[in-house]
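Results of the structural survey
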Amino acid sequence: MEVPGVGVELEELSGAQVIAEALREQDVQYMFGVVGIPVIEIAMAAQAAGIKYIGMRNEQAACYAASVVGYLTGRPGVCLAVSGPGLIHALGGMANANMNCWPVVVLAGSSDKNQETMGAFQEFPQVEACRLYSKFSARPSSLGVVPTIIEKAVRTSIYGRPGACYVDVPGDMVTSKVHTSSLRTVPCCPCPPLASATPAAVREAALIIKNAKKPLVVVGKGAAYSRAEECIRKLVDVCGLPFLPTPMGKGVVPDDHLNCVSAARSRALLNADVILLLGARLNWMLHFGHPPRFRSDVKIIQVDICAEELGNNVRPVTALLGDVKIVVQQLLDFFRIEPWFYPSNSEWWLFLKEKIKANEELSKAMAVKKSLPMNYYTVFHTIQTLLPKDCIIVSEGANTMDIGRTMLPNYLPRHRLDAGTFGTMGVGLGFAIAAALIAKDQTPHQRVICIEGDSAFGFSGMEVETMCRYNLPIVIIVVNNNGIYHGLDEGSWKKMAELGKPSIVVPPTTLLPNAHYEQVMSAFGGKGYFVQTPEELSKALVSCLAQEKMPSLINVMIDPSSDRKTQDFTWLTLSNM
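Residues numbered from 1 in each chain as written. Predicted model: local features only at pLDDT ≥ 70, side-chain atom pairs only at ≥ 80, totals over all residues. Heavy atoms only, no water.

To continue, consider the overall build of the protein chain. When its secondary structure is counted, the protein chain shows 22 helices and 21 strands. Relative to its length of 577 residues, the protein chain is compact, with a C-alpha radius of gyration of 25 Å against a globular reference of 25 Å. Principal-axis analysis of the C-alpha atoms gives the protein chain an extent of 75 × 70 × 45 Å. Per-residue burial for the protein chain yields a buried fraction of 57% across its 577 residues. (Helix = DSSP H or I, 4+ residues; strand = E, 2+ residues; numbered from the N terminus. Rg over C-alpha atoms; globule rule 2.2 N^0.38 Å. Buried < 20%, exposed > 50% of the residue type's maximum accessible area, 1.4 Å probe, protein only.)

Now for empty space enclosed by the protein. A probe matching the size of a water molecule, rolled over the atoms, marks out where space remains unfilled. All told, the structure shown has one cavity of 30 Å³ or more when counted by the stated rule. Taken as a whole, the largest cavity spans an internal volume of roughly 30 Å³. As for the largest cavity, its lining consists of Ile19, Pro140, Val146, Ile150, Val167, Asp168, Val169 and Met173. Where the lining of the largest cavity is concerned, the elements lending two or more residues are helix 6 (146–158) and strand 7 (164–170). In terms of residue class, the lining of the largest cavity is built from seven nonpolar, no polar and one charged. (1 Å grid on protein atoms, 1.4 Å probe; cavity = no way out; pocket = protein on both sides within 12 Å on 5 of 7 lines; lining within 4 Å. Points joined across faces, edges and corners; volume = space filled by probe spheres on them. Nonpolar A, V, L, I, M, F, W, Y, C, P; charged D, E, K, R; others polar.)

Sheet strands pair via backbone hydrogen bonds, and the direction of the pair is either parallel or antiparallel. If you trace the five strands from one edge of the open sheet to the other, you get 10-9-11-12-13, paired in parallel fashion. The open sheet has two free edges, formed respectively by strand 10 (243–245) and strand 13 (318–321), since each of these has just one partner strand. Direction aside, the axes of adjacent strands within the sheet are offset by 15 degrees on average. Relative to strand 13, strand 12 (residues 299–304) runs parallel, the two being bridged by four bridges. The partner of Val303 across the bridge, within strand 13, is Leu320. Running at roughly 135 degrees to strand 13, helix 8 (residues 199–210) makes contact with strand 11 (274–278), strand 12 and strand 13 of the sheet. (Pairing = 2+ DSSP bridges. Axes fitted to C-alpha atoms, helices over the stretch in contact; angles between N-to-C directions. Contact = heavy atoms within 4.5 Å.)

Let us look at the layout of surface pockets. Approximately 750 Å³ is the volume attributed to the second largest pocket. What lines the second largest pocket is a set of 36 residues, among which Pro162, Lys221, Gly222, Tyr225 and Ser226 lie closest to the centre. At the level of elements, helix 9 (221–225) and helix 12 (324–337) are the ones that each hand at least two residues to the lining of the second largest pocket. Residue contributions to the lining of the second largest pocket peak at three residues, all from helix 9. Taken together, the residues of the lining of the second largest pocket sort by class into 15 nonpolar, 13 polar and eight charged.

Turning our attention to the pairing of strand 17 (residues 475–480). Counting buried positions along strand 17 yields six of six residues, so the element is predominantly enclosed. Where burial is concerned, the two faces of strand 17 agree: the one with Val475, Ile477 and Val479 and the one with Ile476, Val478 and Asn480 are both buried. Pairing analysis gives five bridges linking strand 16 (residues 448–453) to strand 17, with the strands arranged parallel. The residue of strand 17 that forms the bridge with Glu452 is Val478. Two elements, strand 17 and strand 21 (residues 552–557), share six bridges in a ladder whose sense is parallel. Residue pairing across strands places Asn480 opposite Met557, the latter belonging to strand 21.

Strand order in this open sheet of six strands is 15-14-16-17-21-20, and the pairing throughout is parallel. Each end of this open sheet is capped by a strand with a single partner; those strands are strand 15 (416–417) and strand 20 (527–531). Running over the sheet, helix 16 (residues 428–442) touches strand 14 (392–396), strand 15, strand 16 and strand 17 and is turned about 180 degrees from strand 16. Across the face of the sheet, helix 22 (residues 534–546) comes into contact with strand 16, strand 17, strand 20 and strand 21 while running at roughly 165 degrees to strand 20.

This part takes up the confidence of the model for the protein chain. Per-residue pLDDT for the protein chain has a mean of 93; in total, 96% of the residues score no lower than 70. In this model residues 1–8 is a low-confidence stretch, pLDDT under 50, and it forms 21 contacts with partners more than four residues away in sequence or in other chains. Residue range residues 571–577 is modelled with pLDDT below 50. Its contacts to residues more than four positions away, or to other chains, number 15 contacts. (pLDDT = per-residue confidence, 0-100.)

The subject of this paragraph is the packing of helix 14 (residues 376–384) against helix 15 (residues 398–407). The interhelical angle for the contact between helix 14 and helix 15, taken along N-to-C directions, is 50 degrees, at an axis separation of 10 Å. Taken together, helix 14 and helix 15 sit at an angle that is classed as oblique. Judged by the twist between their axes, the crossing of helix 14 over helix 15 is right-handed. Here Tyr376, Tyr377, Phe380, His381 and Gln384 of helix 14 lie close against helix 15, whose contacting residues are Asn399, Thr400, Ile403, Gly404 and Met407. Classifying every residue of the contact of helix 14 with helix 15 by side-chain character gives five nonpolar, five polar and no charged. (Parallel < 35°, antiparallel > 145°, perpendicular 65-115°, else oblique. Left-handed = near helix turned anticlockwise from the far one by under 90°.)

The final tally for this structure, using the stated rule, is nine aromatic pairs. Both rings, one in Tyr64 and one in Phe431, keep their centres 6.2 Å apart while their planes meet at 80 degrees; by these two values the pair is edge-to-face. Here Phe431 lies in helix 16 and Tyr64 lies in helix 3 (residues 59–73), a separation of 367 residues in the sequence. Judged by relative accessible area, Phe431 falls into the buried class, the value being 0%. Taking 5.6 Å as the distance between ring centres and 70 degrees as the angle between the ring planes, the aromatic pair formed by Phe457 and Tyr517 counts as edge-to-face. Residue Phe457 is found in helix 17 (residues 454–459), and its partner Tyr517 is found in the loop between helix 20 (502–505) and helix 21 (518–523); the two are separated by 60 residues along the sequence. With respect to class, Phe457 is no different from Tyr517; both count as buried. If you follow Lys389 out to its NZ or CZ, it ends over the ring of Tyr411, 4.3 Å from the centre. (Phe/Tyr/Trp six-rings, centres within 6.5 Å; stacked < 30°, edge-to-face > 60°. Lys NZ or Arg CZ within 6 Å of the ring centre and 35° of its normal.)

Structure representation (structure tokens):
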């Protein structure tokens, strides 16, 4: 086995080198982590093997970043953590990856094998703990089997329903030596096999669609992950079907497509009689498929890669088990033989377009308001007019994320990253770092725009130093309302604070008014902007987009009482309704 930079065959390798070589063999290209005893040598060996190592400021953000690599590339990134507390910090990222069905491999050091159960430094039952958050969790019995364990972790993370996998690395294994003749060499695992649905099920689904009076296609992030955009676009065009993307399904078919009904989301879900569910789950994000958000007699045609997901919460009239891309192609093949087109002048289309027009007019009216401080709609309207069509949008924060989803269109697949299925806050900066690294390697002029609520930014704000250290030209926009959901203006906050201890009288949702988050970016060499008007926001964003060598942060002050427009239903639907 040859080590990069040495160029000679070695009789022995260290454990760190064995791990790095095994990862390289499995086509791992990115590693994110926080180093310390006993994993420093692993990070150095990974760099020597040609794997890009990105040192983060927190293991949770490192794991978020590694999981986005898995989602965007189909091959897992690696999160490297130290033992005990380091791994525990990474568990949040593992859980988030598992819930989002994104592949990631976590490696963590652990106490020496000969000190097990003795109260060793940072000793913790890591393999057992990770089983709750992963598809696979293992501790190699010897250095000789490390390549086998690494291959299984990578393969398990991407095969079937993608998810997190964990490999435990005892400290004494990192520095110990092994003869190359003792290693089990394992070739790179191939891409996952793609399953197709049965022809009978495909035919049944197609006939149900043809007989629908009010059809709807729901496009989930599973469709984005499967690279199904071309065939789904063809299905929508060939059959004239209205479609609704989930938040991270946006861009699989462009948001500006004439058949997109995002602006009539509630009306579409409530009234559709047949729903073709493509890589989306009937969980809380789709209100479990239950009334009052759906018709009680709605017919669900469910397409999913995971058999266990079929029938969750609502029994489908037809279940199509297989890869979304392959199954949609099967449906297209049927409709080529038996052509069918849903009429654009139907009552259903007219009903949806009426709501689309009304909601768009309402949002536009709120967006053009000239009053200061700005509201969310004014901010997003200003941003939207300047963003490149191919930019990756990262978004988190309650109203910031929800309103941004409706007002910031996506034109390409896998170009929106947000809190996801787990509703995780604090993912934004880690997601943005990973997306920017991939863009730098594959599409150098593509921009990553990270739009954060002020509360969400606080979870991982120190990662701006990581961005500056690696010269990642990410544009962070903090939509600052001085609080979690709602805050207070500076005058109200001071009056309350004067009444007594802030911990007693200041509302729990309140953060420090007019906090200058842009100075955090400036402190590390990036560009920071504090803006209060649409004109200042436009000028700052133009300046940021012109800068391709360093990150920047725009701190946008808005009305602390600003809210989203009135909803037909609350976002969460009670499970017993």
